[in-house]
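As a plain string of letters, each chain reads:
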Amino acid sequence: MRIVTLGTGSPIPDPNRAGPSTLVQARGRDFLFDCGRGVLMRCAAAGSGPLQLDCVLLTHLHSDHVTDFNDVLTMRWVMSPVRNPLQVVGPVGTAAFVRRTIEMLRDDVGYRLAHHADLEWEPPVEVIEVEHGVVFDDGEVRISAEPTDHAPVHPTVGYRVDADGAAVVIAGDTVPCQGLDELCRGADVYVQTVIRRALVEAIPVPRLQDILDYHSSIEDAAATAQRAGGATLVMTHLVPAPWPGTEQEWIDEAAELFDGEIIVATDLFERVVAAT
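Per chain, residues are indexed from 1 in the order of the written sequence. Selection of residues for local features in this predicted model requires a pLDDT of at least 70, selection of side-chain atom pairs for listing and counting requires 80 or more, and totals for whole chains, interfaces and linings are taken over all residues. Just so you know, side-chain values use all the structure's heavy atoms and leave hydrogens and water out.

## Points about the packing of aromatic side chains
In this analysis, rings of Phe, Tyr and Trp, with Trp reduced to its six-membered ring, are considered paired at centre separations within 6.5 Å, and the interplanar angle assigns stacked below 30 degrees, edge-to-face beyond 60, and tilted for intermediate values. Applying the stated criterion across every chain, the model contains three aromatic pairs. Taken together, a centroid distance of 5.1 Å and an interplanar angle of 70° make the contact between Phe31 and Phe136 edge-to-face. Highlighted residues: Phe31 in strand S3 (residues 29-33) and Phe136 in strand S7 (residues 133-137), separated in sequence by 105 residues. Like Phe31, the residue Phe136 is buried in the burial classification. The interplanar angle of 50° and the centroid separation of 5.4 Å between the aromatic rings of Phe69 and Phe97 together place this pair among those described as tilted. Separated by 28 residues along the polypeptide, Phe69 in helix H3 (residues 69-79) and Phe97 in helix H4 (residues 94-104) bring together distant segments of the chain. Across the pair, exposure class does not vary: Phe69 and Phe97 are buried alike. Only DSSP runs of H or I reaching four residues or more are called helices, and only runs of E reaching two or more are called strands; each is numbered from the N terminus. Type-normalised accessible area, obtained with a 1.4 Å probe on protein chains alone, sets the label of each residue: buried when under 20%, exposed when over 50%, and partly exposed for intermediate values.

Here it is, written out as structure tokens:
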């Protein structure tokens, strides 16, 4: 199983970090978790693309996690030689979000249908809304979801991918909670949005201070990883983005609570995960 952190940035534009998204490849299948800014550019760099995606899985509907969903949807549609529905999984509300996205694209859809004689269908999408439980299982790859806590954003979910005797968790934005602990228990790799609390607290901007109560801090993520007995913590969607040369400080803070491997992800960081 291969994990690629396609985008590791935050809503604040960063020349080096695209918006939040992670690619998991397992048993010849490609699963895209969230669709942040620049996701298809990063997919191309990772050797994937809209036609290769077996499923798009959304953790929640905050704009920074879905801003390029419209691009994934459109490119899947126009690049497919035959009708090729995009499979989408997400929390309750995802179906309505998809409908609104297609409606937002209505002019563009009309232009393309009028111009391309061989394009005779509108963008096809199949949506599964999930609160918890198995969302994909083909006998080789199993993906399950559990509720997370990103209130007032609700509902939100995290995902666990099990394949080839290994397990990877894509948590999304959440504070520690029971659902997160259930996903992470015994996982080989745990990918978590993190904020560096001391740096955020030092910036006297109320709207930035507000992020402290609904994201995991470095310490929160490390404690979750330690409780789970996992092997590797991958910190992503980093707020504020580490200044070059300070990445070890993030690792050292996490190492006070977690004795496994700790990674400060960059865009296109990848890891092949094997059974342990």
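## A closer look at the packing of helix H9 (residues 218-228) against helix H10 (residues 247-255)
With their axes 8 Å apart at the nearest point, H9 and H10 run at an angle of 50° to one another. As summarised for this structure, H9 and H10 are arranged oblique, according to the angle between their axes. Seen from above, H9 lies across H10 with right-handed handedness. Each of Ile218, Glu219 and Ala222 in H9 lies in contact with H10, whose residues at this interface are Trp250, Glu253 and Ala254. Residue type decides the class: Asp, Glu, Lys and Arg count as charged, Ala, Val, Leu, Ile, Met, Phe, Trp, Tyr, Cys and Pro as nonpolar, and the leftover types, Gly among them, as polar. Taken together, the residues of the contact of H9 with H10 break down into four nonpolar, no polar and two charged. Interaxial angle, 0 to 180 degrees, is taken between N-to-C directions of lines fitted to C-alpha atoms, where a helix line uses only the stretch in contact. Note on angle classes: values under 35 degrees are labelled roughly parallel, values over 145 roughly antiparallel, values of 65 to 115 roughly perpendicular, and the remainder oblique. Handedness of a crossing follows from how the near helix is turned relative to the far one, being left-handed for an anticlockwise turn of less than a right angle and right-handed for a clockwise one. In what follows, a contact means two residues having at least one pair of non-hydrogen atoms within 4.5 Å.

## Here's the deal with the sheet that holds S3
Strand pairing requires that DSSP identify at least two bridges connecting the strands. With mixed pairing, seven strands are arranged side by side in an open sheet as S6-S5-S4-S3-S2-S1-S14. Two strands bound the open sheet, and with one partner strand each, they are strand S6 (125-129) and strand S14 (269-272). The sheet shows a mean angle of 20° between the axes of neighbouring strands, taken without regard to direction. The strands that H3 touches are S3, strand S4 (53-57), strand S5 (86-90) and S6; relative to S5, the one it contacts most, it runs at about 155°. Packed onto the sheet, H4 meets S5 and S6 and runs at close to 155° relative to S6.

## Notes on the environment of Val161
Examined against the element boundaries, Val161 turns out to sit in strand S9 (residues 157-163). On a C-alpha basis, the gap between Val161 and Leu57 in space is 11 Å, while along the polypeptide they are 104 residues apart. The contact partners of Val161, leaving out residues within four places of it in the chain, are Met1, Val24, Phe33, Val141, Arg142, Ile143, Ala166, Ala167 and Val168.

## A word on the side chain of Arg2
The topology assignment puts Arg2 in strand S1 (residues 2-7). A polar contact is formed between the side chain of Arg2 and the side chain of Gln25, at a distance of 2.6 Å. A polar contact of 3.1 Å, which involves the side chain of Arg2, links it to the backbone oxygen of Ala46. Once you skip the residues sitting within four places of it in the chain, Arg2 turns out to touch Leu23, Val24, Gln25, Ala46, Glu270, Arg271 and Val272. Nitrogen and oxygen atoms within 3.5 Å of one another constitute a polar contact, given that in protein one can donate a hydrogen and the other can accept it, and given that sequence-neighbouring residues count only through two side-chain atoms.

## With respect to the sheet that holds strand S8 (residues 141-147)
A sheet is described by the order of its strands in space; here seven strands give the open sequence S7-S8-S9-S10-S11-S12-S13, paired in mixed fashion. Either end of the sheet is taken by a strand with one partner, and the two such strands are S7 and strand S13 (261-264). Taking each pair of neighbouring strands and ignoring which way they run, the sheet shows an average axis angle of 20°. Across four bridges, the pairing between S7 and S8 is antiparallel. Note on S8: the bridge partner recorded for Val134 is Ser144. Together, strand S11 (189-195) and strand S12 (232-239) form the strand contacts of H9, whose direction differs from that of S11 by roughly 160°.

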